[in-house]
Amino acid sequence: MDVLVVGGGHAGAQAAAALRKQGFTGTVGLLWAEAGLPYQRPPLTKEYLSGTRTLDRIFIQAAGFWEDRDIRLLAGRGVVAVDAQDRFVRTRDGQTVGFKQLIWAAGARPRRLACPGADLAGVHTIRSRSDIDALVADLAPQMPIVVVGGGYIGLETAAVLSRSHPVTVVEAADRVLARVAGEELSRFWETEHRAHGVDIRLGNGIARIIGTAGRVAAVELSDGAVVPCGVVIVGVGVEPEVEPLRAAGAKVADGVGVVVNEQCRTSVEGIFAVGDCAGRPHPFAGGDLVRIESVQNAVESATIAAAAVTGAPPPKPGPPTFWTNQFDLKMLTVGLARGYDTVVVRGDPAARSFSLIYLRHGVVIALDCVNAMKDYAQGQALVQRQAAAEPAVLADSAVPLKNAINRLPNSLSTKG
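All values derive from a computational prediction rather than experimental measurement.

Looking now at the pattern of salt bridges. Evaluated as defined, the whole model comprises 18 salt bridges. Asp199 is paired through a salt bridge with Arg201; the nearest N and O atoms lie 2.9 Å apart. Overall, the relative accessible area of 29% leaves Asp199 in the partly exposed class. Arg280 is the salt-bridge partner of Glu300, the closest N and O atoms lying 2.6 Å from each other. Taken as a pair, Glu300 in helix 8 (residues 295–310) and Arg280 in strand 21 (residues 278–281) lie far apart in primary sequence, 20 residues in all. Taking the relative accessible area as the measure of exposure, Arg280 reaches 5% and is therefore buried. Each of Glu183, Arg187 and Glu190 takes part in a single network of salt bridges with overlapping partners.

Moving on, we come to the packing of aromatic side chains. Counted by the stated rule, this structure contains four aromatic pairs. Seen from their ring centres, Phe65 and Trp66 are 4.9 Å apart, and the 85 degrees between their planes marks the pair as edge-to-face. For Phe65, a relative accessible area of 16% corresponds to the buried category. Ring geometry for Phe188 against Phe354: centres 4.9 Å apart, planes inclined by 70 degrees, an arrangement best described as edge-to-face. With Phe188 in helix 6 (residues 183–195) and Phe354 in strand 26 (residues 353–360), this residue pair connects regions lying 166 residues apart in the sequence. Both residues of the pair, Phe188 and Phe354, belong to the buried class. What links up through ring pairs into an aromatic cluster is the set Phe188, Trp189 and Phe354.

Right, let's get into the environment of Phe322. For Phe322, the position within the fold is in strand 23 (residues 321–326). Assessed through its relative accessible area of 23%, Phe322 is described here as partly exposed. In the structure, Phe322 is positioned 13 residues away from Gly335 in sequence and 8.6 Å away in space, judged by C-alpha atoms. Residues in contact with Phe322, not counting those within four places in the same chain, are Ile292, Glu293, Ser294, Met331, Leu332, Thr333, Gly335 and Leu336.

Calculation rules
Residues numbered from 1 in each chain as written. Predicted model: local features only at pLDDT ≥ 70, side-chain atom pairs only at ≥ 80, totals over all residues. Heavy atoms only, no water. Salt bridge = Lys/Arg side-chain N within 4 Å of Asp/Glu carboxyl O. Buried < 20%, exposed > 50% of the residue type's maximum accessible area, 1.4 Å probe, protein only. Helix = DSSP H or I, 4+ residues; strand = E, 2+ residues; numbered from the N terminus. Phe/Tyr/Trp six-rings, centres within 6.5 Å; stacked < 30°, edge-to-face > 60°. Contact = heavy atoms within 4.5 Å.

Right under this line is the structure:
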């Protein structure tokens, strides 16, 4: 294979498609561990879990798309080893697939609990379609559910399942979304979930999972409380799939994944890494190495790697974007809320339509926009330009964000 892409998520699918779009005429293979066509992961904890979208409606592309572009699909073949010298990968069934260049887009795997009882029947993680299918098959009507982790995966899952089941969310930090959002946003989502009947236990870990006849019966929290349940859903983050590349000599950093440069090249010649498994220097993180779990990053990094293979002009990196749907609310995020020193609340959280604007040294670095599409659309330009802006102006909903940089004190300016 001239270019072998490993991984059937957004990053892998985009890499293969981008090679053809950029005029690559060599052979292209797309190999991944699951059966079936490549599919979107974000709907898994939203529409797919709720049953409002079936599998055929979350495919990234129909089968004909790949056939028309002469991209060979190699499904159900997880990679266990990479031979960087002789240029082949070895799959779980012992077969080998050769390559001249490799784009590693294997994504990440969910972290699991290490407490007693973590291996009982009824304990689930969420990463793949089969995970959701197994969870749904395991649920009985009105079965109490414990969700471990107050990140977006946990909250999205709780929002869907609380429509039909009693749900308790257990979060070790003193607020949900503590790692990725300001306190105002955390408190908003906590209020929303509680208003929909979700029991949120903050500042609590899992001491043990209590079983009966080999199956989950309850969860004992670190404060000693016991919460009866029939299913436990673990949403405590992911670990990048890097071991085959690490063994092949690629540089890997804890907390970052496979280390790549601006072209998404690893430290091994002819091997690239993109998407959830890779950390790259990002201009919207001050040039720091960051591993970003988002569709936007998957698509962008995959396109960059394809351009490095084909010699096409790479896309200019843009600010990262994310989204979440919970209950009847849609939140859109642009930028990275890292190292901020000021948070501006624009609008009224009580009205369920507002934005948080994050600044560092007076420069807008990120926005979280809850049911505030106009703020999101206009705020992207502020993050893209790394614009300096006056907090009082940003907080004034009567001033469109597109005009905020036109109302700056003389001491402030814009960059870029």
